[in-house]
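Examination of the molecular architecture
Next come the chains, spelled out residue by residue.
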Amino acid sequence: MSSHPSPKSLLRNGVALSVAAAMAAAMTLAAPVMVHAQDIDSNSQDVIRDTEVETFLKTNTRPVLAAAGLDPDKVHYLLIASDDLNAFSTFRLVIGLNTGLIMAADNPNQLFGVISHETGHLSGGHMMRTDEIERAGRAPMAISLGLGIIALLARAPEAGAGLIASSPGFGELNELHYMQTEESAADVAGVKAMEKAGMSGKGLVDFFYKFRDVETFSHADRYEFFSTHPLSRDRIQALNDFVRKQPHYNTPDDPKVIDEFNIVKAKLVGFMDDPLKTYQLYPETDTSYPARYARAIATYKSGQWDQALSQLDDLIKAQPDNPYLWELKGQIYFETGRPKLAKPAHEKSVELMPDAALLQLNLGQTLIAIGDKDDIKEAVVHLEQSVKTEEDDSFAWEQLAQAYDALGDAGNARLATAEAQFYDDDLDAARTSAVWSQKFFKSDSPEFRRARDIVMSTSSELGVPPVEGETRNKTPPKL
């Protein structure tokens, strides 16, 4: 594991803070990491984590991201639990997508079109200040102009005001022409990226037409100032004319990607919507895999756990090598107080997808809950693998600290606690924990050097001495 950079660059200058803090505060769909999945409020502004959804996005948008001149491996997705149609991007390569936007898309091409629009902002360096991330990940930062600003461009400032309420620079109406120019530039850049990736840009246009019909635009004509700016319909028409000229305009979505997209939508509906609504959208007469998946999740959410497990077992019989089904089975057992039954299901999910940090975390948490010494030792292995893949996941570090503490390894417990506090931006606490952890390590050990990195970085940021030898004759505080 590499040494920590300065927390100012890692945690304060924009998106790295959001990734660390937002993911630490994240809820999970098919992973029992922070809250019960049935407690997810579709009207909230929480960040959620899900390996299946994130893998779908990362895998299928790689061509578009690369075509936009971005490094696909450095782009992160934040999933926001909200019914609102919105997307945004940050200057440190994070693209935020509301779950409502994903569920509103009719096909993968529409969703990828929205993402391509956001890549246009990223590659163009279009920036503004907003509280979007603060509401989503509890960490403010500079973000680029996202789709939410289309409300203003459609001459309905009250519809978009919430997105820029904390941005004093956008209190003046004469800023909107500049904003609109960037939106149009992002449209064109997004279409070009889709074309270069061999995809049709039609989805972006189709989704904009869908967005234009949002009810909040109904009183737009009251604002005369915006009559001097091109209307949303004009912007969409200009984009449509451009898209139609592209060679890949009629290129259809890959059938495999369509199937994956339908599964992702069904999963989001199952977790985000009321079970009754899920049953209406996916009635018993629909025997497709996505429908059965959504109904199993809805049954679980409604408290019928054993019935949900029965439905899930039927799905597993048909797809025994699907890690996400095993993950969900483990989740149901774990969240209903049966960690010993959850263990084999989570072990199977990790066996099928060993590089997935969240799956490793699920298993580690389950093993800790069982409480046997051998299980806790095994938990350390899986949690170490999880933080190796996602170093900034503070919750995984907290679990690792708990495991080390249960094993009586005070030094590593305090060091893992320092890591968790560091990525939660609790710099003073991280410094204290790291200082005390050094007491338990030899000065030439990797653990001592890691602790020293945290002490130096946090001390520099806090403007205090790095602390030399101050703990040698003192007793460390209890965790």
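Cut-offs used in this document
- Residues numbered from 1 in each chain as written.
- Predicted model: local features only at pLDDT ≥ 70, side-chain atom pairs only at ≥ 80, totals over all residues.
- Heavy atoms only, no water.
- Salt bridge = Lys/Arg side-chain N within 4 Å of Asp/Glu carboxyl O.
- Helix = DSSP H or I, 4+ residues; strand = E, 2+ residues; numbered from the N terminus.
- Buried < 20%, exposed > 50% of the residue type's maximum accessible area, 1.4 Å probe, protein only.
- Expected span 1.5 Å × (residues − 1).
- Contact = heavy atoms within 4.5 Å.
- Core = buried A, V, L, I, M, F, W, Y, C linked by side-chain atoms within 4.5 Å.
- Polar contact = N/O pair within 3.5 Å; in protein donor to acceptor, adjacent residues only side chain to side chain.
- Pairing = 2+ DSSP bridges.
- Patch = residues over 30% accessible without salt bridge, like charges linked within 9 Å, V, L, I, M, F, W, Y side chains within 5 Å.
- Areas by Shrake-Rupley, 256 points an atom, 1.4 Å probe, with all protein chains shown as cover.
- Lys, Arg positive; Asp, Glu negative; His and termini not counted.
- Charge placed at Lys NZ, Arg CZ, Asp CG, Glu CD.
- Axes fitted to C-alpha atoms, helices over the stretch in contact; angles between N-to-C directions.
- Parallel < 35°, antiparallel > 145°, perpendicular 65-115°, else oblique.
- Left-handed = near helix turned anticlockwise from the far one by under 90°.
- pLDDT = per-residue confidence, 0-100.

Points about the pattern of salt bridges
Under the defined criterion, the tally for this structure stands at 14 salt bridges. Note that Asp206 is salt-bridged to Lys202, the shortest N-O span being 2.8 Å. Residue Asp206 and its partner Lys202 are located together in helix H11 (residues 202-212), separated by four residues, close to a single helical turn. On the accessibility criterion, Lys202 (33% relative accessible area) is partly exposed. Here Glu260 makes a salt bridge to Lys256, at a shortest N to O gap of 2.6 Å. Here the residue Glu260 and the residue Lys256 both occupy positions in helix H13 (residues 255-272), the gap between them amounting to four residues, near one helical turn.

What to know about helix H20 (residues 373-389)
Helical geometry note: an α-helix holds 3.6 residues per turn, so side chains three or four residues apart project in the same direction. For H20, spanning 17 residues, the distance from its first C-alpha to its last is 25 Å, which sits close to the expected 24 Å at 1.5 Å a residue. Turning to H20, its buried residues number three or more, namely Asp375, Ile376, Ala379, Val380, His382, Leu383, Ser386 and Val387. On its buried face, H20 is in contact with helix H18 (339-352), helix H19 (357-370) and helix H21 (394-406).

Re unusual backbone geometry
Backbone geometry places Asp425, a non-glycine residue, at a positive phi of 65 degrees. For Asp425, the position within the fold is in the loop between helix H22 (410-423) and helix H23 (427-438).

Considerations on the nonpolar core
Tyr293 and Leu400 are the most contacted members of the largest nonpolar core, which totals 58 residues. Not counting residues up to four positions away in its chain, the partners in contact with Leu400 are Val380, Leu383, Glu384, Val387 and Ala416. Core analysis: the second largest hydrophobic core is formed by 40 residues, Phe56, Val75, Val269 and Met272 among them.

Some words on the side chain of Glu52
Summarising the element assignment, Glu52 is placed in helix H3 (residues 51-60). Polar contacts involving the side chain of Glu52 include one to the side chain of Tyr293, which spans 2.8 Å. Glu52 has contacts with Ile263, Lys267, Tyr293 and Tyr324, leaving out every residue within four places of it along the chain.

Some points on the environment of Pro252
Summarising the element assignment, Pro252 is placed in the loop between helix H12 (232-244) and H13. The class of Pro252 is exposed, set by a relative accessible area of 66%. Pro252 sits 143 residues away from Asn109 along the chain, and the two C-alpha atoms are 8.3 Å apart.

Observations concerning the pairing of strand S5 (residues 94-98)
For S5, the buried fraction is high: five of the five residues fall into the buried class. Residues of S5 alternate between two faces, with Val94, Gly96 and Asn98 on one and Ile95 and Leu97 on the opposite face, all of them buried. Here strand S3 (residues 76-81) pairs with S5 via five bridges, running parallel. Of the residues in S5, the one forming a bridge with Ile80 is Asn98. Across four bridges, strand S4 (residues 87-90) lies against S5 in antiparallel orientation.

Details of a negative patch on the surface
Residues Glu398, Asp424, Asp426 and Asp428 make up a contiguous surface patch of negative charge. Along the chain, Asp424 turns up in the loop between H22 and H23.

Notes on the packing of H20 against H21
In a pair of packed helices, the angle between the axes and the distance between the axes together describe the arrangement. One can describe the packing of H20 onto H21 by two numbers: an axis separation of 9 Å at closest approach and a directional angle of 155 degrees. Between H20 and H21, the interaxial angle falls into the category roughly antiparallel. Here H20 and H21 pass one another in a crossing that is left-handed. Contacts between H20 and H21 involve Ile376, Val380, Leu383, Glu384, Ser386 and Val387 from the former and Ala396, Trp397, Gln399, Leu400, Ala403, Tyr404 and Ala406 from the latter.

Quick look at the environment of Gly201
Looking at the element boundaries, Gly201 is found in the loop between helix H10 (176-196) and H11. Relative accessible area serves as the criterion here: at 7%, Gly201 is assigned to the buried category.

Concerning helix H24 (residues 446-462)
Taking 1.5 Å per residue as the helical rise, H24 with its 17 residues ought to reach 24 Å, and the 24 Å between its terminal C-alpha atoms agrees with that figure. Inspection of H24 places Phe448, Arg450, Ala451, Arg452, Ile454, Val455, Ser457, Thr458 and Ser459 among the buried residues, and these make up the whole buried set.

Some remarks on the confidence of the model for the protein
When pLDDT is averaged across the protein, the result is 79; 71% of the residues are at 70 or more. When mean pLDDT is taken per element in the protein, H18 scores highest with 98 and helix H1 (residues 7-12) scores lowest with 29. For residues 30-44, every residue scores under 50 in pLDDT, and the model assigns this stretch 50 contacts once sequence neighbours within four places are set aside. Low confidence marks residues 128-178, where pLDDT is under 50. Its contacts with residues over four positions away, or in another chain, come to 145 contacts.

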